[in-house]
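Now for the letters of each chain:
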Amino acid sequence: HQGHFSWEKYLKETGSQPAPPHCFRQSCSPPSNDYKIGMKLEAQDPRNTTSTCIASVVGLTGARLRLRLDGSDNKNDFWRLVDSSEIQPIGTCEKNGGMLQPPLGFRLNASSWPMFLLKTLNGAEMAPAKIFHKEPPSPPQNHFEIGMKLEAVDRKNPHFICPATIGEVRGSEILVTFDGWRGAFDYWCRYDSRDIFPVGWCSLTGDNLQPPGTKVAIPKSPLPAAGIATSMMRGPKNLLPAVPGGKRGKPGRKKGQLSKALIHQ
Ligand code: MLY
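So, a few notes on the structure that sits alongside this text. Note that the structure is a prediction, hence the values are computed from the model and not measured.

### Some points on the sheet that holds strand β3 (residues 64-69)
To summarise the sheet geometry, strands pair through backbone hydrogen bonds and adopt either a parallel or an antiparallel arrangement.
Point 1. If you trace the five strands from one edge of the open sheet to the other, you get β4-β3-β2-β1-β5, paired in antiparallel fashion. Because the sheet does not close on itself, it has two edges, and the strands there are β4 (78-81) and β5 (87-88).
Point 2. In this structure, strand β2 (residues 48-61) lies alongside β3, joined through six bridges in antiparallel fashion. Each residue of the ladder has a partner; that of Gly 59, found in β3, is Arg 66.

Written out as structure tokens, the structure is:
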């Protein structure tokens, strides 16, 4: 289910290099996904990160879980790696002296939360502790370089993992740009973000890798050497744009850029 996208061919065609695996806060052999649909666990509410809530596994994709907070609607699903530090076995919150909270946008009256919690947990299949994985450590520093290829979560469509290129590097931050798209999906994140993966991750985990977009032509380099030269010229202040088409998506936009970024891609 990888469509017909082949990194091997694509790297050759674009004369580009994958970011080495040690750049990433990901385990070098991806964790096994032993969860089942319907299992319940504790998760941080993504919209209110100080809250620990009950979540149900509503889908499995590679090393990720599609989660829905119990008592929430089906419009706010989120995805977490099985080795995310933001999920834990049921009972962990209480063990640490915390209290399970209703999700932001709890469907019922707040006063019915205690009864709702009781009912939702009664007879539930709780994900066993042994299928949770420890989060891998962060690399000690940012080793990314402009032009390196990777696989990245499209944060506007977080079920998608897509071919991407490092567009800029500034301290601990990197600009993730999506190949073949005009820039509206680009984002800055820390080098140790859990949303970015080495080339080949999806094929190892069985997750779906989207093909590159078709909105922007990917510059083809006739010779591998030309490709290396091309990525070398994409230095901090030089000649070639960091992304095909030249949109860099810097934090803080110039006047007039907003409308372009909002165009539906
Ligand atoms: N706007 C598109 C989805 C685009 C996804 C882009 N990612 C993969 C970079 C649509 O609604 O089809």
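### Concerning the side chain of Asp 179
Point 1. Position of Asp 179 among the secondary structure elements: in the loop between β8 (173-178) and β9 (187-190).
Point 2. At a separation of 2.4 Å, a polar atom in the side chain of Asp 179 contacts the side chain of Tyr 10.
Point 3. There is a polar contact of 2.6 Å between the side chain of Asp 179 and the side chain of Thr 165.
Point 4. Residues in contact with Asp 179, not counting those within four places in the same chain, are Tyr 10, Lys 149, Pro 163, Ala 164, Thr 165, Pro 212, Gly 213 and Ile 218.

### Considering the pattern of salt bridges
Point 1. Under the definition given, this model contains twelve salt bridges.
Point 2. The residue Asp 195 makes a salt bridge to Arg 155 at a minimum N-O spacing of 2.9 Å. Placement of the pair is Asp 195 in the loop between β9 and β10 (196-197) and Arg 155 in the loop between β6 (149-153) and β7 (161-170), with a sequence separation of 40 residues.
Point 3. Arg 155 sits in the partly exposed class, given a relative accessible area of 40%.
Point 4. Residues joined by salt bridges that share partners form a network here, namely Arg 25, Asp 83, Glu 135 and Arg 194.

### Some points on the pairing of β6
Point 1. Here β6 lies mainly inside the structure; five of its five residues are buried.
Point 2. Every second residue of β6 is oriented toward a common face, with Lys 149, Glu 151 and Val 153 on one face and Leu 150 and Ala 152 on the other, all of them buried.
Point 3. Note: β6 against β10, two bridges, orientation antiparallel. Note that in β10 the partner of Ala 152 across the bridge is Ile 196.

### With respect to the packing of aromatic side chains
Point 1. Scanning the model with the defined rule gives eleven aromatic pairs in all.
Point 2. Geometrically, the ring pair formed by Phe 5 and Trp 7 is edge-to-face, given 5.2 Å between the ring centres and 75° between the ring planes.
Point 3. The buried category is assigned to Trp 7, whose relative accessible area is 10%.
Point 4. Each ring, one from Trp 181 and one from Phe 185, has its centre 5.4 Å from the other, and the planes form 80°; the classification is edge-to-face.
Point 5. Through successive ring pairs, a cluster of aromatic residues spans Phe 5, Trp 7 and Tyr 10.

### Thoughts on helix α3 (residues 113-121)
What sets the pattern is the α-helix's 3.6 residues per turn: residues three or four places apart point alike.
Point 1. Buried within α3 we find Trp 113, Phe 116, Leu 117 and Thr 120. Projected down its long axis, α3 carries its buried residues within an arc of 100°, all on one side. Of the residues in α3, the exposed ones pointing more than 90 degrees away from the buried face are Pro 114, Leu 118 and Lys 119.
Point 2. Where α3 terminates, the next one or two residues include Gly 123, which has phi positive at roughly 75°.

### Brief notes about the layout of surface pockets
Point 1. Considered as a void within the structure, the largest pocket measures approximately 370 Å³ in volume.
Point 2. If you trace the largest pocket, you find 16 residues lining it, with Trp 79, Arg 80, Glu 86, Arg 194 and Asp 195 closest to the centre.
Point 3. For the lining of the largest pocket, the element with the most residues is β4, which contributes four residues.
Point 4. The residue inventory of the lining of the largest pocket, partitioned by class, reads six nonpolar, three polar and seven charged.

### Here we look at the nonpolar core
Point 1. In this structure, Tyr 35, Leu 41, Leu 67, Phe 144, Val 176 and Ile 196 are the most contacted members of the largest nonpolar core, which totals 48 residues.
Point 2. With four residues, β7 is the single largest residue contributor to this core.
Point 3. The contact partners of Val 176, leaving out residues within four places of it in the chain, are Ala 152, Ala 164, Thr 165, Asp 186, Tyr 187, Cys 189 and Ile 196.

### A word on the side chain of Ser 193
Point 1. Counting through the fold element by element, Ser 193 comes out in the loop between β9 and β10.
Point 2. Polar contacts involving the side chain of Ser 193 include one to the side chain of Arg 155, which spans 3.3 Å.

Cut-offs applied
- Residues numbered from 1 in each chain as written.
- Predicted model: local features only at pLDDT ≥ 70, side-chain atom pairs only at ≥ 80, totals over all residues.
- Heavy atoms only, no water.
- Pairing = 2+ DSSP bridges.
- Helix = DSSP H or I, 4+ residues; strand = E, 2+ residues; numbered from the N terminus.
- Polar contact = N/O pair within 3.5 Å; in protein donor to acceptor, adjacent residues only side chain to side chain.
- Contact = heavy atoms within 4.5 Å.
- Salt bridge = Lys/Arg side-chain N within 4 Å of Asp/Glu carboxyl O.
- Buried < 20%, exposed > 50% of the residue type's maximum accessible area, 1.4 Å probe, protein only.
- Phe/Tyr/Trp six-rings, centres within 6.5 Å; stacked < 30°, edge-to-face > 60°.
- Arc of directions from axis to C-beta.
- 1 Å grid on protein atoms, 1.4 Å probe; cavity = no way out; pocket = protein on both sides within 12 Å on 5 of 7 lines; lining within 4 Å.
- Points joined across faces, edges and corners; volume = space filled by probe spheres on them.
- Nonpolar A, V, L, I, M, F, W, Y, C, P; charged D, E, K, R; others polar.
- Core = buried A, V, L, I, M, F, W, Y, C linked by side-chain atoms within 4.5 Å.

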